[in-house]
Amino acid sequence: MFLDLSDDQVALQQGIRALLSGRFGSERIRAGFDREMFDELADAGVFSLIADGFSWADAVIVFEQLGEFCVPGPLVGSFLAGGERITGVYAESTRTIEHIADLEALILLDEEKVLAVDLANLVAESLDWPLDPLTPVARVADFGETTLLAGIDPVEWRQRGAVLTAAYCLGLSSRLCEMSVAYAKERLQFDRPIGSFQAIKHLLADMAMRTEVARAAVYNAGAHLDASDVAGLTRSISVAKALACEAAIRCGKDATQVHGGMGYTWEVDVHLYLKRAWVLDTHFGSHEHHFDHVAETA
Amino acid sequence: MELRYSDSDEAFRARLSEWLKSELPQFANAPHRDDWEHRRRFDTDWQKRVFDAGYAGLNWPKQYGGADASPTEQLIFFEETTKAKAPYVGVNFVGTLHAGPTLVEEGTAEQKAEHLPRILSGEEVWCQGFSEPNAGSDLAGLATRAERDGDHYVLNGQKTWCSFGHVADVGEFLVRTDQNAPKHRGISWLILPMDLPGIEIRPIKTVLGSSEFCEVFLTDVRVPISNRVGEENDGWRVTNVTLKYERGTAFVGELIDSLRLCADLANTVKDPVDRRELGRSLADFDALWSLTKRNVSQSVTGQVGPGSMMVKLAYSEARQRFGELCLRVLGRDALSLADNELIEERLRTQALTIAAGASQIQRNIISERVLGLPREPR
Ligand SMILES: Cc1cc2nc3c(=O)[nH]c(=O)nc-3n(C[C@H](O)[C@H](O)[C@H](O)COP(=O)(O)OP(=O)(O)OC[C@H]3O[C@@H](n4cnc5c(N)ncnc54)[C@H](O)[C@@H]3O)c2cc1C
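The following refers to the structure shown. None of these values were measured; they are calculated from a predicted model.

**Describing the pattern of salt bridges**
All names here are of chain A. Throughout the structure, instances matching the rule amount to 58 salt bridges over all chains. Across the salt bridge formed by Glu64 and Arg215, the nearest N and O atoms sit 2.5 Å from each other. Of this pair, Glu64 sits in helix α4 (residues 56-68) while Arg215 sits in helix α7 (residues 198-226), and the two are 151 residues apart along the sequence. Here Glu64 matches Arg215 in class, with each residue buried.

**A few points about the interface of chain A and chain B**
Of the residues lining the interface, 46 residues belong to chain A; the matching set on chain B comes to 44 residues. Taken over both partners, the interface formed by chain A and chain B buries close to 4200 Å², and the fraction arising from carbon and sulfur atoms is 64%. One can count 9 salt bridges joining chain A with chain B. Across the salt bridge formed by B:Arg4 and A:Asp229, the nearest N and O atoms sit 2.8 Å from each other. At the boundary of chain A with chain B, the tally comes to 21 residue pairs in polar contact (both at pLDDT 80 or more). Those elements that place two or more of their residues in the side of chain A that touches chain B are α4, α6 (154-186), α7, α8 (233-258) and α10 (287-296) of chain A. If you tally residues by element for the side of chain A that touches chain B, the top one is α7(A), at 18 residues. Looking at the side of chain A that touches chain B, its residues break down into 26 nonpolar, 7 polar and 13 charged.

**Describing the sheet that holds strand β4 (residues 114-117) of chain A**
Note: strands within a sheet are paired through backbone hydrogen bonds, in either parallel or antiparallel orientation. Residues and elements named next belong to chain A. Taken together, 4 strands build an open sheet; the order of strands is β1-β3-β4-β7 and the sheet is mixed. In this open sheet, the two edge strands, each paired with only one partner strand, are β1 (87-91) and β7 (146-148). If you compare each strand with its neighbour and ignore which way they point, the axes differ by 30 degrees on average. With 5 bridges joining them, β1 and strand β3 (residues 105-109) adopt parallel strand pairing.

**Observations regarding unusual backbone geometry**
Residues and elements named next belong to chain B. Within the chain, Asp68 stands out as a residue other than glycine whose phi angle is a positive 50 degrees. Take Asp68: its relative accessible area is 53%, and that puts it in the exposed class. In the Ramachandran plot, Asp220 falls in the positive-phi region, its phi being about 50 degrees despite a non-glycine side chain. With respect to the element layout, Asp220 can be found in strand β7 (residues 213-224).

**Observations concerning the packing of helix α4 (residues 93-106) of chain B against helix α6 (residues 235-247) of chain B**
Residue and element names in this part refer to chain B. Close contact between α4 and α6 brings their axes to 8 Å; oriented N to C, the two are set at 135 degrees. Comparing the axis directions of α4 and α6 gives the class oblique. Of the two elements, α4 crosses α6, and the hand of that crossing is right-handed. Here Leu97, His98, Pro101, Thr102, Glu105 and Glu106 of α4 lie close against α6, whose contacting residues are Arg237, Val238, Val241, Thr242, Lys244, Tyr245 and Glu246. Taken together, the residues of the contact of α4 with α6 sort by class into 5 nonpolar, 3 polar and 5 charged.

Cut-offs applied
Residues numbered from 1 in each chain as written. Chains lettered and ligands numbered in written order. Predicted model: local features only at pLDDT ≥ 70, side-chain atom pairs only at ≥ 80, totals over all residues. Heavy atoms only, no water. Salt bridge = Lys/Arg side-chain N within 4 Å of Asp/Glu carboxyl O. Helix = DSSP H or I, 4+ residues; strand = E, 2+ residues; numbered from the N terminus. Buried < 20%, exposed > 50% of the residue type's maximum accessible area, 1.4 Å probe, protein only. Contact = heavy atoms within 4.5 Å. Buried area = accessible area lost by both parts, 1.4 Å probe. Polar contact = N/O pair within 3.5 Å; in protein donor to acceptor, adjacent residues only side chain to side chain. Nonpolar A, V, L, I, M, F, W, Y, C, P; charged D, E, K, R; others polar. Pairing = 2+ DSSP bridges. Axes fitted to C-alpha atoms, helices over the stretch in contact; angles between N-to-C directions. Parallel < 35°, antiparallel > 145°, perpendicular 65-115°, else oblique. Left-handed = near helix turned anticlockwise from the far one by under 90°.

Quick look at the structure:
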C-alpha cells in the first residue's frame, strides 16, 4: 500500500508542469482552445499516456496539472477516445455540446451503448454568452442518425471520464488556493496584509483542507482504475468526483471573496476557474449525483 | 501509487483477524461508561492481551516492548481491531497514543525502560495535565509553577480537563520552570506519578452525565528532577511532539468506526435529502481514510506533506455533520440515550472540535504553518 507519488510520478508531474507553465499562461488560455493547442498537448503525449504504457494514476497526475492551468478544451473526451481526434463525449441525454466548432468526433454514452454522431450533418445552434467564456456551447435539437461503436464499454468510459474530470477539478482547487494565499499576503488593508485577519485565514485554511481531502480521494480513485481486482472501484470514483467538484466550486467562491472587488472582475483569473468548475460538475455526474451513488453502496 | 498491501502485510492482517476472532468473545460486555473502576480494568485487561499476543506498540522499538514493525502494520492493526469491534483504547489513550510516542522520541534510556513496556502491557495508565483554567488554547500561558529544591521540583498550581485523571497512575504534565522567560521558553514536560502527596483529583461531570475528565490540584508536590523529559525550559518543543501524535494518528480507530456507524444507519435513512447527506458523510470518511493512508505512505518515505495537519480538523467537522444526520433521521427516537450508540456519539463528538486544540486553533495553525500567512499574537 502506497498512496503517494512515486519518484517517476513526481518527475512526470514536474515535466508536465514545466511544459504548461512555459506555454499555457493566462494569456494563452484566455485565447481559447484551438487545433494548435490540441496538437501541442498531443505532441507532449498528454492524450496517449495509456498507449505509451503509463497508468491511470499517471493520467490523474497529468489532468490535475491541466486543471491547475485551467487549460480549456474537450480534453477528457479526446483522451477517452484515444487522442487522435478532438472528441466530445457526453451522456446521451444532453442537448448542449461544448466546443462544437472544433470537434472532429462526437460520441454519446447511454446506459449500454456508445454511439458516434454524424458531425458533418449535425445541425447545432451556437449559444451566445457561454457561462464559461472559454467553453463555447451549442444546442442540438436532434443528433440524427448515430452509429454504434462496438467494443467500447460505456460504463468504463464513464468511470474513467469521472476520475479524469475529478483530477482536473482538483487542479482547479489547488491553484485557486495558491492564488488566494498569494493575494492575501500582498493586499494591504488597515495597514496590514488581509491574510493576517482571522476571517480570511480561516477561509484559506478551509480551502486548503478541502483540497487536500479531495486530493487523497482523487489519487485513491486513480489507483483503483489501475487495480481492478481491489474492491470498491465505483464508490472510490464517486467519492473522488463528488468531493473534487464540490471543493473546486467552493474554493472558487471563497477565492472570489478573498479577492474582494478584484474577484468580481474579468481581469483576475478566479472567475475562469470557478466557471470551469461549474461546467465540469455537469460532466460524468454532478457532485449530488455521486453523493447519492455513494449512499447506495452503504 | 499502489492500493494492494504487500504479501507480508496481508499475512499480518490474516493472523491478526484470526486472533481477534478467538479473543473478542471474552470482551463482549463493556462496563457502563461511568463505572470507572471496571472501565480501567476492562481496558487494561484488553491492552494486556494485545501485548501478550505481540500486537502492542507495533511501530515502537522492540527493546521497549514494541515490534519495530512498519507504520503500515500499525495502520492495519487499527483498521482490523475497529472493524472487529474490539475494545477501544479507552484509558490507554494517552499512554499508547501520545505520551508513549513522546517518550520514544524524547525520553532518556531510563525513562523509556521504566515506562514504555508498562504502557504497552496495560500496567500503567496515563493522563494528560496540560490545560489549566486560564491556559486552554493559549496553552503556553500556563501558570503551574515548578521550583527546584535539591534534586526535586516542587509543584504548585491547578490543571483541568484532565481525561482519565481519576484512574491514571502517571501523567504528562507541563509546568513553568522559569517565571521570567518569554512564555514559550519557560516550560518543562514532566512525568508525574499521580499518587504523590499533594495531588488532589476532582472529577468533572460532562455533557454525557458521566465524568470523563477531572480537575487536578497540586500543592507542594515533590517530583524528582530526573522525571523531566527534554531539557529544562525546552518543554514547548517536547509539547509539540506530543501534539503531533495527539492530533495525527490518534484518530484512525475513530475514523474507521465512523464508516461502520454510517453503514449501521444506512437502512434507516429513506428520505432522499437524508440519503444524499449520508452519501456525503461516507464520502468524507472514505476520503479521510485515503488521506490517512497517504499520510502513512509519506511517513514511510519521510516526505511529510500538509495532510497530517488537516486530518484532525476535517475529521471533527465530518463527524459532527454525520451526528446531525443521526439526530434528524432518528427523530423522536433520538430523545433517549439508552441503547442508542448514535446519539451518545452525537453528544461525545461535540468535544471533537474543542479537545486537542479547538478547530479555530487548527485553522490558525494550517494557515500559518502550511500556507505561510501572518501569525496570530502569541
Ligand atoms: C473531552 C475533552 C477532553 C480533554 N482532555 C484533556 C486532557 O486530557 N488534558 C488536557 O490537558 N486538556 C484536555 N482537554 C482540554 C482541551 O485541550 C481544551 O479544552 C482546548 O485546548 C480549548 O481550551 P479551552 O477549553 O480553555 O477553551 P478556550 O481556549 O477558552 O477557547 C474558547 C473558544 O475560543 C476560541 N479561541 C481561543 N483562542 C483563539 C484564537 N487565538 N483564535 C481564534 N479563536 C480562539 C476557541 O477556538 C474556542 O472556540 C480536553 C477537552 C475536552 C473537551
